[in-house]
Amino acid sequence: MRLQCMMSGTAIQTLKLAAIPVSTSPSRLIFWPVTKTLTEALVSRHNHTQRPSFTLLVRALSAQAVQATQVTDTIVKPQWRAAIDFKWIRDNKEEVAANIRNRNSNANLELVLKLYDKMLNLQKEVERLRGERNAVANKMKGKLKPSERQKLIEEGKNLKEALMTLEEDLIKLRDKLQGEAQCIPNMAHPDVPIGGEDSSRIRNLVGSQHEFSFPVKDHLQLGKELDLFDFDAAAEVSGSKFYYLKNEAVLLEMALINWTLSEVIKRGFIPLTTPEIVRSSVVEKCGFQPRGENTQVYSIENSDQCLIGTAEIPVGGIHMDSILPELMLPLKYVAFSHCFRTEAGAAGMATRGLYRVHQFSKVEMFILCRPEESDSYHEELIQLEEELFSSLGLHYKTLDMATGDLGAPAYRKFDVEAWMPGLGRYGEISSASNCTDYQSRRLGIRYRPSESPSTNPKKGNKSNFASTQFVHTLNATACAVPRMLVCLLENYQQEDGSVIIAEPLRPFMGGISHISPKSR
């Protein structure tokens, strides 16, 4: 799909759907896309607990090497390497193989192990030739007969040529190994149910379905009667699955964003707005991969950039290639952004209206923490989500998602599905994922543990610095606006055609308590 136009003589970048090359990287193992402007401040200043200060970060000297390869005459495609623990994969190959099967992944573990062994052998041969070359160079330093010197010169030349060939082969082999290994998904938590989506386990059920004494309308009918959105005009302007919000729906979107931000900030999260165009490599490093023709990513033609599908991507990249002091952890962010997704392959009644759209506003939570703390922060995130949705009076269930429904980065994922009476079913409104070190190994985000006094100091010890470790990353949706609009409109509809505003949102809507049909 392409869009190209000229305005005032200025060419606008062409957008197209494009598959990003499979180039990712594993956690212990390994393995997605701005147009509205807020004209009001998102949050007024509140007296809340002190937030972590923005300490100057130490840029890693050993950051991932990035090479530029010319893809076309004008496009430079960055290449990167993940810190994949190949030895751990080899030593735990049975568990890794089972995880690949349970996730229905197409990763080729046998090929990865074969390439790894081949690389190790080739490295040994390269080191052997380097040793011989150095030995020859040392012999050249002594006093030699002309014939002996000439013999050593020839021998050194042959060794140099052989070494160059092997080193080129080693680079190619490492690239191939990386490409294959980056297809391996993260390991799964031992308590994650094995199987497809139907195997997911209900961990919490909150509230009950609203009872109505009148025929229930869906959000599309309500929106039309209350003059809240316009899909027809948006289809003419932008295409299907786009929409205009109007009247109170605009205020309701802003209220949801402001209320959510204010509630999450109270819990010590740092508010952010993010770039909504990012480099393709950052999308890949976060572990999102377009799947063939069903790519979810909008990419920008003639560039290495694409539109974000979630603020998780730019927030994940904010500390890329950094070493964080341990005292900075945990880092807890809440980010507002617009999100863009192709929703390729989505069709049917379940995707009508606001439920599945190409562009939407979202508030996303993101945490970077010590490895031993990620499980507890995962629980904190899902509890915070549940508190938010309970405050709005929604009936919902929380699911521990099965292996077949986990994205490649997720170690464990909890989904929240809310009852949508107009649609007559539960619909996903949020998720919370623990990605362990899967993303940080790709993004190069480490932390240095605080120094501990040495119990047996040795003379001449130059440094007591502890070695760096990869942080764990977690993400959770605090508010995906379109689906929240579906829930609120359908659950709070009244017999007279009006919709009551959930009480927590009223102060953020100028005191409006309900939306009434417009007089004609």
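Only a predicted model underlies this, so the values are computations on that prediction, with no experimental measurement involved.

How should the overall build of the protein chain be read in this particular structure?
Across its full length, the protein chain holds 12 helices and 24 strands. For the protein chain, the proportion of its 520 residues judged to be buried stands at 49%. Entry remark: accessible area of the protein chain is about 26,100 Å², with carbon and sulfur atoms responsible for 50%.

What am I meant to see in helix α4 (residues 146-181) here?
Between its first and last C-alpha atoms α4 spans 51 Å; for 36 residues at 1.5 Å apiece the expected length is 52 Å, and the two agree. The secondary structure elements touched by the buried residues of α4 are α1 (86-91) and α3 (109-140).

What should I look at first to understand unusual backbone geometry in this one?
Working note: non-glycine residues mostly have negative phi, and peptide bonds are mostly trans. With an omega of 0°, the peptide bond between L329 and P330 qualifies as cis. Positive phi, normally seen in glycine, also occurs at N302, with a value near 65°. Mapping N302 onto the fold places it in the loop between β12 (298-300) and β13 (305-307).

Even after reading the chapter, I still don't get the pairing of strand β18 (residues 412-420), so can you show me in this structure?
On any regular strand, side chains alternate: one points to one face of the sheet, the next to the other face. Among the 9 residues that make up β18, 9 are buried, leaving the element largely enclosed by the rest of the structure. Because side chains alternate across β18, one face comprises the buried residues R412, F414, V416, A418 and M420, and the other comprises K413, D415, E417 and W419, equally buried. Looking at chain direction, strand β17 (residues 396-400) and β18 are connected through 5 bridges and run antiparallel. The residue of β18 that forms the bridge with T398 is V416. Counting the residues that bridge the hairpin from β18 to strand β19 (residues 425-434) gives 4 residues, and of these G424 lies at a positive phi of roughly 75°.

Explain the confidence of the model for the protein chain to me, please; I cannot follow it from the model alone.
Detailed reading of the predicted model is not advised wherever pLDDT is low. Averaged over all residues, the pLDDT of the protein chain equals 83, while 79% of them reach at least 70. Taken together, the stretch residues 1-14 has pLDDT below 50 and engages in 23 contacts with residues farther than four places along the chain or on a different chain. Every residue in residues 18-78 scores below 50 in pLDDT, and together they form 179 contacts with partners more than four places removed in sequence or on other chains.

Explain the pattern of salt bridges here, please?
Opposite charge on two side chains allows them to pair when their charged atoms are near. Inspection of the entire model under this criterion finds 27 salt bridges. Between R203 and E379 there is a salt bridge, and its shortest N-O distance comes to 3.0 Å. Taken together, the residues R203 in strand β7 (residues 201-206) and E379 in helix α10 (residues 374-391) connect sequence positions 176 residues apart. Between R267 and E387 there is a salt bridge whose closest N-O contact spans 2.5 Å.

Cut-offs applied
- Residues numbered from 1 in each chain as written.
- Predicted model: local features only at pLDDT ≥ 70, side-chain atom pairs only at ≥ 80, totals over all residues.
- Heavy atoms only, no water.
- Helix = DSSP H or I, 4+ residues; strand = E, 2+ residues; numbered from the N terminus.
- Buried < 20%, exposed > 50% of the residue type's maximum accessible area, 1.4 Å probe, protein only.
- Areas by Shrake-Rupley, 256 points an atom, 1.4 Å probe, with all protein chains shown as cover.
- Expected span 1.5 Å × (residues − 1).
- Contact = heavy atoms within 4.5 Å.
- Pairing = 2+ DSSP bridges.
- pLDDT = per-residue confidence, 0-100.
- Salt bridge = Lys/Arg side-chain N within 4 Å of Asp/Glu carboxyl O.

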